[in-house]
Amino acid sequence: MTISYNWLSEYLPEKIDAEKLSKILTAIGLEVESMEPYEEVKGGLKGLVIGEVITCEKHPDADKLSLTTVNIGTPDPLQIVCGAPNVAVGQKVVVATIGSTIYPSTGEPLTMKKAKIRGAESHGMICAEDEIGLGQSHAGIMVLPADAKVGTPAAEYFNTYNDIIFEIGLTPNRMDAMSHLGVAKDVCAYLSHHHKKDTHVKSPFKNNFKAHNQSLKIDVVIENAIACQRYSGVSIAGVTIAESPKWLQQKLKSIGLRPINNIVDITNFILHETGQPLHAFDANQITGNKVIVKNVPELTPFITLDEKERKLAAEDLMICNATAPMCIGGVFGGLHSGVIASTKNIFLESAWFNPVTIRKTSLRHGLRTDAAARFEKGVDISNTVNVLKRAAIMIKEIAGGEIASDVIDVYPDPKQKTEVGLKYHYLKKLSGKNYHGDTIKNILTSLGFEMIKEGMDELFVKVPFSKPDITIAADLVEEIMRIDGLDNVEIQQMITIAPSVETLAHETIYQEKVATYLVGLGFNEIFTNSITNSAYFTEQILQGTVKMINNLSEELNVMRPSMLETGLETITHNLNRKNSNLRFFEFGKTYSTESIGSYAEKNHLSLFVTGAKAETAWNNKTQKTDFYLIKGVIEKIAVLIGVSINQFLIEENEKLNNAVTVKIKNEPAAVMGEVNKKTADKFDCKQPVFYADIDWDTLMRLNKKNTISFKEISKFPAVHRDLAIVVDKSILYQQIEKTTFATKVNKLKNVSLFDVFESEKLGANKKSMAVSFTFLDEEKTMTDAEIDAMMNKIIGAYEKELNAEIRK
């Protein structure tokens, strides 16, 4: 949930410092996951000032450049070389001074430095609008009105909007906090409790709604009163569709919404202010001046706002006119009934739709909208009319026109408030804390609960309609503990526990061991979301994935079948922030379906490496990461766990180039390679990424079969011999290693490749490979004759099996 600090502060009785407010939000269960500054214009125009061109002459050595002097309010004017064709004496302009950084609408930021252009010094830059992020035009420099004051900071002149944006980790039950006003109510309840004085939100609802006439009355009929328990509406005639005022656009942009037009922007504003979704219809498209809330026959075709034809289900609730459907109720509008540029009359809807109905329709059609997300959690049924009146007044003020009907409010069976009782000893049992009766009452009252009855050790309350999740006593305990502050939960001095046996101790020991090793190599551990986006995967893979039934967003709708995609999201996030040399590892799980209702989890260790092997230094040249780095890491991990890799097998992989399967005791235990372009492009990843996926379950199972043994270190020296052979380019080192050990030279302890050389002098399609051998006899010192005999046996095998030639 995205919350604007400036916007939220408008509803608080006094402005609270952003850091302090962040701590309050986290304390009351609205955990602040991030707090980021927002700038309407990137960089905030810092260091840019308003100046006046005093002189302007042709550059002596360049036809298209001008030498100017610009007064920016300092004792000495600046000499600036300008290439704009429209620069002239007397203009008021925007000047980027030396040391300031400009952020163009497109392209990279640029920091101003003193420069010499064609022999003339330039002490800054006269800016075009696209060069400082204020527009797209590059036809010439920005020329400001004559009354612009010289020396005024550009940020002050343009009144740029700055804010702080909170990302709140909202739990699914907290629909009451899915709006700025809802969050403000919680903050005020916290302040009331901790400051010991009544604190209330500044209500945006004013009692100044008045219908001008009844010229555009629309009748409302609810045929399905279970799916739609309340439907309110009002007509507004003579509106003008146009851009929203700057303040409204700024608010919406700050929380990531794109302004569309004044009517749509107002409905979006109200949604994020109050949590109540609204829908605006073009009143001229409401045939028969009647809105009917009903279901239509199965497979009825309907074209939605995105211009797609959808086949409706009989369970879908539709908002219809006298002849045809206009909107999928609570989910998505129709193409032919929405507000367009020529709309003059509108009908504004504010309703309460059944959460289950909305949820099913939203998932059925793949339409995860902001409105659906709120309706499916349950909106405040008591607030539909208040919100409608506020929106109507805003539309009249911003879009003009007149309110052309009274509010139509169809509420066939008024809902009764839920009643819940709470015993004080139960509160103590769950919270671990003794609360005074007055404290309990004050907290609940500040949250909108209505006291019904209270006794010595209990009380009964009516739950506000804004909190449909409150149904039992434990819910009241949670509310009290939230407002008291979850960071105030008392920790007992003594905790009694029953001893238990750690069943996963074996795996945990090795996980810690490997993690410590990787951190020592410069890796950072990451922890990514196990719920991911189905768009990353092919239809074939999706057939075996675990699909989310109750996903919170359209993008997070499947349990990950692979560790690669969520890791690449983290890689791209870092690359976009100029953090390009990365080494990540993650212990995590993948999920799959084995049969209907049966699911499987697998433990993995994934490795991601990209960028340079090490930071550039005076004694270290930059070397790019390659396949062999990640291969070496896997080999060392196998040693740490106590298993031996017996084969590297090159295989095709749809996501990796040069993919290699690692086998341990002839079982596939890992796969590694370079992420291919097709996969990388899905994440806009611009540099090579090497990836390894280790089957942790397989490693642990094979490790348990190991028997630890040891022996004395040999007293006799090892002997090393090198051999260079010429083979076909198609020969892999793996084949050389396999052929070597197939000779069964039992005193051969190790073989390794230390050089590869290619040259036309070796012959067509030939290469030279230099191999090192280590021999050891643990009972005596070997003689040259013994070593020569073993080498001749190996050479013979190379000549026979690999058609190799020995380089002299």
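Refer to the structure above for everything that follows.
None of the values given here were measured: they were computed from a predicted structure.

Reading the values: rules and limits
- Residues numbered from 1 in each chain as written.
- Predicted model: local features only at pLDDT ≥ 70, side-chain atom pairs only at ≥ 80, totals over all residues.
- Heavy atoms only, no water.
- Axes fitted to C-alpha atoms, helices over the stretch in contact; angles between N-to-C directions.
- Helix = DSSP H or I, 4+ residues; strand = E, 2+ residues; numbered from the N terminus.
- Parallel < 35°, antiparallel > 145°, perpendicular 65-115°, else oblique.
- Left-handed = near helix turned anticlockwise from the far one by under 90°.
- Contact = heavy atoms within 4.5 Å.
- Nonpolar A, V, L, I, M, F, W, Y, C, P; charged D, E, K, R; others polar.
- Phe/Tyr/Trp six-rings, centres within 6.5 Å; stacked < 30°, edge-to-face > 60°.
- Buried < 20%, exposed > 50% of the residue type's maximum accessible area, 1.4 Å probe, protein only.
- Lys NZ or Arg CZ within 6 Å of the ring centre and 35° of its normal.
- Pairing = 2+ DSSP bridges.
- Disulfide = S-S within 2.5 Å.
- Polar contact = N/O pair within 3.5 Å; in protein donor to acceptor, adjacent residues only side chain to side chain.
- Salt bridge = Lys/Arg side-chain N within 4 Å of Asp/Glu carboxyl O.
- Core = buried A, V, L, I, M, F, W, Y, C linked by side-chain atoms within 4.5 Å.

**Some remarks on the packing of helix α13 (residues 505-520) against helix α18 (residues 696-704)**
Okay, so step 1: One way to put it is that α13 packs onto α18 with a least axis distance of 11 Å and a crossing angle of 115 degrees. On the basis of the axis angle, α13 is roughly perpendicular to α18. Considering how the two elements wind past one another, α13 and α18 form a crossing that is right-handed. Residues His506, Glu507, Tyr510, Gln511 and Val514 of α13 touch α18, and the partners they reach there are Trp696, Met700, Asn703 and Lys704.
Okay, so step 2: Of the residues contributing to the contact of α13 with α18, the split by class is 4 nonpolar, 3 polar and 2 charged.

**Observations concerning the packing of aromatic side chains**
Okay, so step 1: Per the counting criterion, the structure on display carries 14 aromatic pairs.
Okay, so step 2: Centre to centre, the rings of phenylalanine 353 and phenylalanine 375 are 5.0 Å apart; their planes meet at 70 degrees, and the pair counts as edge-to-face. Pair noted here: phenylalanine 353 is in strand β22 (residues 346-353) and phenylalanine 375 is in helix α8 (residues 370-375), with a separation of 22 residues, a long-range link.
Okay, so step 3: When its relative accessible area of 0% is taken as the criterion, phenylalanine 353 is described as buried.
Okay, so step 4: Judged by relative accessible area, which is 3%, phenylalanine 375 ranks as buried.
Okay, so step 5: The ring of phenylalanine 648 carries the charged tip of lysine 631 above its face, separated from the ring centre by 4.7 Å.

**Concerning the environment of asparagine 6**
Okay, so step 1: Of note, asparagine 6 is situated in helix α1 (residues 5-9).
Okay, so step 2: Residues asparagine 6 and alanine 18 lie 12 residues apart in sequence; the distance between their C-alpha atoms is 9.4 Å.
Okay, so step 3: Those residues within four positions of asparagine 6 in sequence are excluded, and the remaining contacts are Lys15, Tyr161, Asn162 and Asp163.

**Observations concerning the pairing of strand β12 (residues 162-169)**
Okay, so step 1: Here 3 bridges tie strand β1 (residues 2-4) to β12, and the two strands are oriented antiparallel to one another. Each bridged residue has a counterpart across the sheet, and for threonine 2 the counterpart in β12 is glutamate 167.
Okay, so step 2: When strand β2 (residues 31-39) meets β12, the two strands line up antiparallel, connected through 8 bridges. Note that in β12 the partner of tyrosine 38 across the bridge is aspartate 163.

**A few points about the state of the cysteines**
Okay, so step 1: Applying the stated criterion across every chain yields a total of 0 disulfides.
Okay, so step 2: You can see cysteine 56 has no disulfide; the closest cysteine sulfur is in cysteine 82, sitting 7.4 Å from it.

**Regarding the packing of helix α11 (residues 437-446) against helix α12 (residues 473-484)**
Okay, so step 1: Where α11 meets α12, the axes come as close as 10 Å, and the angle between the chain directions of the two elements is 90 degrees. Taken together, the axes of α11 and α12 are roughly perpendicular relative to one another. Counted together, Ile440, Ile443 and Leu444 of α11 and Leu476, Glu479, Ile480, Ile483 and Asp484 of α12 form the full contact between these two elements.
Okay, so step 2: In terms of residue class, the contact of α11 with α12 is made up of 6 nonpolar, no polar and 2 charged.

**A look at the sheet that holds strand β13 (residues 219-222)**
Okay, so step 1: Spatially, the 5 strands line up as an open sheet ordered β13-β16-β19-β20-β21, and their pairing is mixed. Looking at which strands have only one partner, the edges of the open sheet turn out to be β13 and β21 (332-333).
Okay, so step 2: Judged from the 2 bridges that link them, strand β20 (residues 325-328) and β21 form a sheet pairing that is antiparallel. Pairing of isoleucine 328 across the sheet is with phenylalanine 332, part of β21.

**Overview of the pairing of β13**
Okay, so step 1: Of the two faces of β13, the one lined by Val220 and Ile222 is fully buried and the one lined by Asp219 and Val221 carries no buried residue.
Okay, so step 2: As paired strands, β13 and strand β16 (residues 290-295) are joined by 4 bridges and run parallel to one another. Looking at the pairing, valine 221 lines up with isoleucine 292 of β16.

**Structural notes on the environment of glutamine 91**
Okay, so step 1: Considering the arrangement of structural elements, one finds glutamine 91 in the loop between β5 (78-82) and β6 (92-96).
Okay, so step 2: Judged by relative accessible area, which is 13%, glutamine 91 ranks as buried.
Okay, so step 3: Through-space distance from the C-alpha of glutamine 91 to that of glutamine 285 is 51 Å; in sequence the pair is 194 residues apart.
Okay, so step 4: If we ignore the near neighbours within four places in the chain, the residues touching glutamine 91 are Gly51, Glu52, Val53, Asn86, Ile141 and Val143.
Okay, so step 5: Among the polar contacts listed, one links the side chain of glutamine 91 to the backbone oxygen of asparagine 86, at a separation of 2.7 Å.

**Remarks on the pattern of salt bridges**
Okay, so step 1: Tallied over the entire structure, the rule returns 40 salt bridges.
Okay, so step 2: In this structure, arginine 701 and glutamate 667 form a salt bridge, with 2.7 Å as the shortest nitrogen-oxygen distance. Highlighted residues: arginine 701 in helix α18 and glutamate 667 in strand β36 (residues 667-675), separated in sequence by 34 residues.
Okay, so step 3: Across the pair aspartate 784 and arginine 721 runs a salt bridge, and its minimum N-O distance is 3.7 Å.

**Regarding the nonpolar core**
Okay, so step 1: If you look at the biggest cluster of nonpolar residues, it comprises 115 residues, and the most contacted ones within it are Leu25, Val187, Tyr231 and Phe347.
Okay, so step 2: Of all hydrophobic cores here, the second largest spans 33 residues; its members include Leu518, Met672, Trp696 and Leu699.

**Regarding helix α2 (residues 18-27)**
Okay, so step 1: Where α2 is concerned, the buried positions are Ala18, Leu21, Ser22, Ile24, Leu25 and Ala27.
Okay, so step 2: Against the buried residues of α2 lie α1, β2, β12, α4 (180-195) and α12.
Okay, so step 3: If you check the start of α2, you find a side-chain oxygen 3.1 Å away from the backbone N of glutamate 19, and it comes from aspartate 17.

**Describing the sheet that holds strand β3 (residues 48-58)**
Note on sheets: strands pair through backbone hydrogen bonds, and any given pair is parallel or antiparallel.
Okay, so step 1: Overall, antiparallel pairing links the 5 strands, which are arranged β5-β4-β3-β6-β11 in an open sheet. Edge positions in the open sheet fall to β5 and β11 (125-126), since each of these has one partner strand only.
Okay, so step 2: One ladder, built from 2 bridges, connects β6 with β11; its direction is antiparallel. Counted as the bridge partner of alanine 96 is methionine 125 from β11.

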